[in-house]
Amino acid sequence: MPRWGMVIDQDKCIGCQACSTACKSENNVPHGSPDEQRLRRDIYWNKVIAVTHGKYPKVNTELISMPCMHCDHAPCVTVCPAKATYRREDGIVVQDFRRCIGCKYCIVACPYGARSFNSKEQEVKEYHRHDLPPDRGVWGQWPFPARTHGVVEKCSFCFHRIDQGKKEGKKIGKEVVPACVEECPTGARIFGDLDDPRSEVSSLLASRDWIRLREGLDTKPKVYYLLK
């Protein structure tokens, strides 16, 4: 059984947020109204955050691209009373919207801020419909359905692509990758099997220096950052 993970090359990431846009389109993530965006209530499963180092006038800003970490010891899985959050055998932590009761325990437990609460009924505007992905026979009309309000949402490593790719006999990590990996213009994101020594992610981790965010918490995230 593979253990899917992601490597992000900080040398290549330019902070263009193509990953965030691709994720929204692929997974039918709510766009939010202009008023909600001004109040920072818009939902992003993939984020690019700015981290500053030093003091003025010698300040350096580093852009960090952050999907869900899909931790091997995921605290969000432990605290969910409805078992709406669970970890698959291949290591992907997913959210079952049908079971979610919106208690937000998982949001509090996640140390990476990777989860968002959808507080309003989703409405897909007509001018957004052309952006939505085609039917892949996984969820129905779209890979992820329009969620009702009151559920928690998060990055899923586009597991619907992985499952469909397996059925079609395609190579996961090469022919089939998450939307954020596919759309990254600089190739900063690499996806593959962390337990396969022949995979590109394993080769990069063996040859480059890397870190994992908040590793002292022992959550064992499966997203690695190659140091500059």
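The structure under discussion appears in the preceding block.
For the structure given in this document, a descriptive report is provided here. (Residues numbered from 1 in each chain as written. Predicted model: local features only at pLDDT ≥ 70, side-chain atom pairs only at ≥ 80, totals over all residues. Heavy atoms only, no water.)

1. Here's the deal with the state of the cysteines
Within the structure shown, the criterion is met by zero disulfides. With no disulfide of its own, Cys 68 lies 5.4 Å from the sulfur of Cys 155, the closest cysteine sulfur. Its sulfur unpaired, Cys 106 is 6.3 Å from the next cysteine sulfur, which belongs to Cys 100. (Disulfide = S-S within 2.5 Å.)

2. What about the side chain of Ser 65?
Checked against the element boundaries, Ser 65 lands in strand E3 (residues 58-66). Here Arg 189 takes part through its side chain, which lies 2.4 Å from a polar atom of the side chain of Ser 65. When neighbours within four sequence positions are excluded, Ser 65 is seen to be in contact with Ile 8, Cys 13, Cys 19, Lys 47, Val 48, Arg 189 and Tyr 225. (Helix = DSSP H or I, 4+ residues; strand = E, 2+ residues; numbered from the N terminus. Polar contact = N/O pair within 3.5 Å; in protein donor to acceptor, adjacent residues only side chain to side chain. Contact = heavy atoms within 4.5 Å.)

3. Comments concerning the packing of aromatic side chains
Within this structure, the stated rule accounts for three aromatic pairs. Judged by centre distance (5.6 Å) and plane angle (20°), the rings of Trp 4 and Phe 191 are stacked. Placement of Trp 4 in strand E1 (residues 4-9) and of Phe 191 in strand E8 (residues 189-193) is noted, with a sequence separation of 187 residues between them. No difference in accessibility class separates Trp 4 from Phe 191, as the two residues are buried. Measuring from centroid to centroid gives 5.3 Å for Phe 157 and Phe 191, while their planes differ by 80°, and the two rings are edge-to-face. Taken together, the residues Phe 157 in the loop between strand E7 (151-154) and helix H5 (159-167) and Phe 191 in strand E8 connect sequence positions 34 residues apart. Each member of the pair, Phe 157 as well as Phe 191, is classed as buried. The ring of Phe 117 has Lys 104 lying over it, and the distance from NZ or CZ to the ring centre is 4.2 Å. (Phe/Tyr/Trp six-rings, centres within 6.5 Å; stacked < 30°, edge-to-face > 60°. Buried < 20%, exposed > 50% of the residue type's maximum accessible area, 1.4 Å probe, protein only. Lys NZ or Arg CZ within 6 Å of the ring centre and 35° of its normal.)

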